[in-house]
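# Overview (structure and organization)
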Amino acid sequence: MVNLKKTELLRDRCLINGKWVASSQNNVAVKNPATGEIVGTVPALEAADIEQAVAAAEMAFRSWRALAAKERAAVLLRWFDLIIENADDLAALLTAEQGKPLSEARGKYSMLPPSFSGLPRRQRESMGTSYPHPPPTSASWFSSSR
């Protein structure tokens, strides 16, 4: 088992529409590839659960899209703070479930500050303006520069 400071970071449920949902049927064991030890389990969700999760995600996106850039930036910066606050536990989980060396797993989180550092500046520059991205076409997904 993984030794975590915050044991609540390791869940055996899926977050669907703000609720932690267990499988009505089976769980799938997550094994440490180096030792074969069971790290935890994840629910093997039924099609109805997956449809509910997709519908909830679509509704959440509508709310997210309605937020001003400043509000979105605040949420993302809070998420960033939580990742940094829990970096040791998250690195231990990556190591246990993927077999990644602990130093490499920790390195994943040390690369985050440069990615997030410009977020408040970009949010101010956008002045709340949102620019729609055209839907992908087969040409944009499969184009080649060859």
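Summary of the structure given here.

Conventions used here
- Residues numbered from 1 in each chain as written.
- Predicted model: local features only at pLDDT ≥ 70, side-chain atom pairs only at ≥ 80, totals over all residues.
- Heavy atoms only, no water.
- Helix = DSSP H or I, 4+ residues; strand = E, 2+ residues; numbered from the N terminus.
- Buried < 20%, exposed > 50% of the residue type's maximum accessible area, 1.4 Å probe, protein only.
- Contact = heavy atoms within 4.5 Å.
- Areas by Shrake-Rupley, 256 points an atom, 1.4 Å probe, with all protein chains shown as cover.
- Pairing = 2+ DSSP bridges.
- Axes fitted to C-alpha atoms, helices over the stretch in contact; angles between N-to-C directions.
- Parallel < 35°, antiparallel > 145°, perpendicular 65-115°, else oblique.
- Left-handed = near helix turned anticlockwise from the far one by under 90°.
- Nonpolar A, V, L, I, M, F, W, Y, C, P; charged D, E, K, R; others polar.
- Core = buried A, V, L, I, M, F, W, Y, C linked by side-chain atoms within 4.5 Å.
- Expected span 1.5 Å × (residues − 1).
- Arc of directions from axis to C-beta.

### Remarks on the overall build of the chain
A tally of regular secondary structure across the chain gives 7 helices and 4 strands. Burial status across the chain gives 22% buried among its 146 residues. The long-range fraction of contacts in the chain, counting pairs at least 24 apart against all pairs at least 6 apart in sequence, stands at 50%. As displayed, the chain offers around 10,800 Å² of accessible surface, 58% of which is attributable to carbon and sulfur atoms.

### Topic: the pairing of strand E4 (residues 38-44)
Here 6 bridges tie strand E3 (residues 26-31) to E4, and the two strands are oriented antiparallel to one another. Counterpart to Ala 29 in the pairing with E4 is Thr 41.

### What to know about the packing of helix H3 (residues 87-98) against helix H4 (residues 102-110)
For the pair H3 and H4, interaxial distance at closest approach is 8 Å and the crossing angle is 130°. Here H3 is positioned oblique relative to H4, judged by the angle of their axes. Between H3 and H4 lies a crossing whose hand is right-handed. Listed contacts from H4 to Ala 87, Asp 88, Leu 90, Ala 91, Ala 92, Leu 94 and Thr 95 of H3 are Leu 102, Ala 105, Arg 106, Lys 108 and Tyr 109. Split into classes, the residues belonging to the contact of H3 with H4 amount to 8 nonpolar, 1 polar and 3 charged.

### Comments concerning the nonpolar core
Counting residues in each nonpolar core, the largest one holds 8 residues, listed as Phe 80, Ile 83, Ala 87, Ala 91, Leu 94, Ala 105, Tyr 109 and Leu 112. At the level of secondary structure, the elements contributing two or more residues to this core comprise helix H2 (69-85), H3 and H4. With 3 residues, H3 is the single largest residue contributor to this core. In this view, Ile 83 contacts Leu 90, Tyr 109 and Leu 112; residues no more than four positions away in its chain are not counted.

### A look at unusual backbone geometry
Phi angles above zero are rare outside glycine, and Asn 17 is one such case at about 55°. Looking at the secondary structure, you find Asn 17 in the loop between strand E1 (14-16) and strand E2 (19-21).

### Focus: H2
Across its 17 residues, H2 extends 24 Å between first and last C-alpha, which sits within 8% of the 24 Å expected from 1.5 Å per residue. Those residues of H2 lying buried are Ala 69, Ala 73, Phe 80 and Ile 83. Seen end-on, H2 carries its buried residues on one side only, within an arc spanning 80°.

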